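# Observations on the model geometry
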Amino acid sequence: MAVDPSRTFKPVSIAVLTVSDTRTLADDTSGALLTERVKGAGHKLIERAIVRDDVALICSRINTWIDDPKVDCVVTTGGTGMTGRDVTPEALEQLRTAHGGKDIPGFGELFRWISFRSIGTSTIQSRACAVLVRGTYVFALPGSNGAVKDGWDGILAEQLDSRNRPCNFVDLMPRLRES
């Protein structure tokens, strides 16, 4: 990471969503790890929640956060695999198309490249993705602890740091709602 120490760190307000039919706050290790990473980086954790693998529930929870002016960014963990119940990418696509949002294809591409170093060709089964909806970033990571480490440590820690050079997501935030 190319941190410019002369620049001011600007904390980002982040909501964390675990998508799972089986996890609870007591056993949600990937959500806990993501929460630790968010706070450890100096960002503000606005809320943490768990919802079942259901497009309507995922969209509803994320829409609530998108409508909250205190939330700059949502990071999800889980539901990005290939099984019939893995529907987080479909939920993000629905949010994006319903609200005229934008796809951030480089996020999933970079995630799989980073993940390849850890799990080899198994990374092809990941549908990690990201969208920009009504001025709020939404990033979807797989539900394993390794995937959270790859996604946060390898991408989001840098892109959500306002000191990162040559560019970062934080610098764009004031202009995300331009028309």
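The notes below deal with the structure included here. (Residues numbered from 1 in each chain as written. Predicted model: local features only at pLDDT ≥ 70, side-chain atom pairs only at ≥ 80, totals over all residues. Heavy atoms only, no water.)

### Quick notes on the pairing of strand 3 (residues 44–51)
Both strand 2 (residues 13–19) and strand 3 contribute to a ladder of seven bridges, which runs parallel. In the strand pairing of strand 3, Val 19 is matched with Val 51. Traced from strand 2 through helix 1 (residues 29–40) to strand 3, the parallel crossover comes out right-handed. (Pairing = 2+ DSSP bridges. Helix = DSSP H or I, 4+ residues; strand = E, 2+ residues; numbered from the N terminus. Right-handed = clockwise from strand over helix to strand, strands pointing away.)

### Structural notes on unusual backbone geometry
Following Arg 165, the chain continues to Pro 166 via a peptide bond in cis, the omega torsion being 15°. Position of Pro 166 among the secondary structure elements: in the loop between strand 8 (164–165) and helix 6 (169–172). Positive phi outside glycine occurs at Arg 134, with the angle close to 50°. Among the structural elements, Arg 134 can be located in the loop between strand 6 (129–133) and strand 7 (136–141). Residue Arg 134 is classed as partly exposed on the basis of its relative accessible area, which comes to 25%. (Buried < 20%, exposed > 50% of the residue type's maximum accessible area, 1.4 Å probe, protein only.)

### Overview of the packing of helix 2 (residues 55–67) against helix 3 (residues 88–98)
Closest axis-to-axis distance for the helix 2/helix 3 pair is 9 Å, and the angle between their directions is 55°. As far as their axial angle goes, helix 3 and helix 2 are oblique. Where helix 2 crosses over helix 3, the two elements pack in a sense that is right-handed. Here Val 55, Ile 58, Cys 59, Ile 62 and Asn 63 of helix 2 come into contact with helix 3, specifically with Thr 88, Glu 90, Ala 91, Leu 92, Gln 94 and Leu 95. Of the residues belonging to the contact of helix 2 with helix 3, the class tally is seven nonpolar, three polar and one charged. (Axes fitted to C-alpha atoms, helices over the stretch in contact; angles between N-to-C directions. Parallel < 35°, antiparallel > 145°, perpendicular 65-115°, else oblique. Left-handed = near helix turned anticlockwise from the far one by under 90°. Contact = heavy atoms within 4.5 Å. Nonpolar A, V, L, I, M, F, W, Y, C, P; charged D, E, K, R; others polar.)

### Quick notes on the pattern of salt bridges
Per the stated rule, a full pass over the model turns up 12 salt bridges. Between Asp 28 and Arg 23 there is a salt bridge whose closest N-O contact spans 3.5 Å. Residue classification places Asp 28 among the buried positions, given a relative accessible area of 1%. Take Arg 23: its relative accessible area is 27%, and that puts it in the partly exposed class. Close ionic contact of Glu 93 with Arg 96 constitutes a salt bridge, the shortest N to O distance being 2.6 Å. (Salt bridge = Lys/Arg side-chain N within 4 Å of Asp/Glu carboxyl O.)

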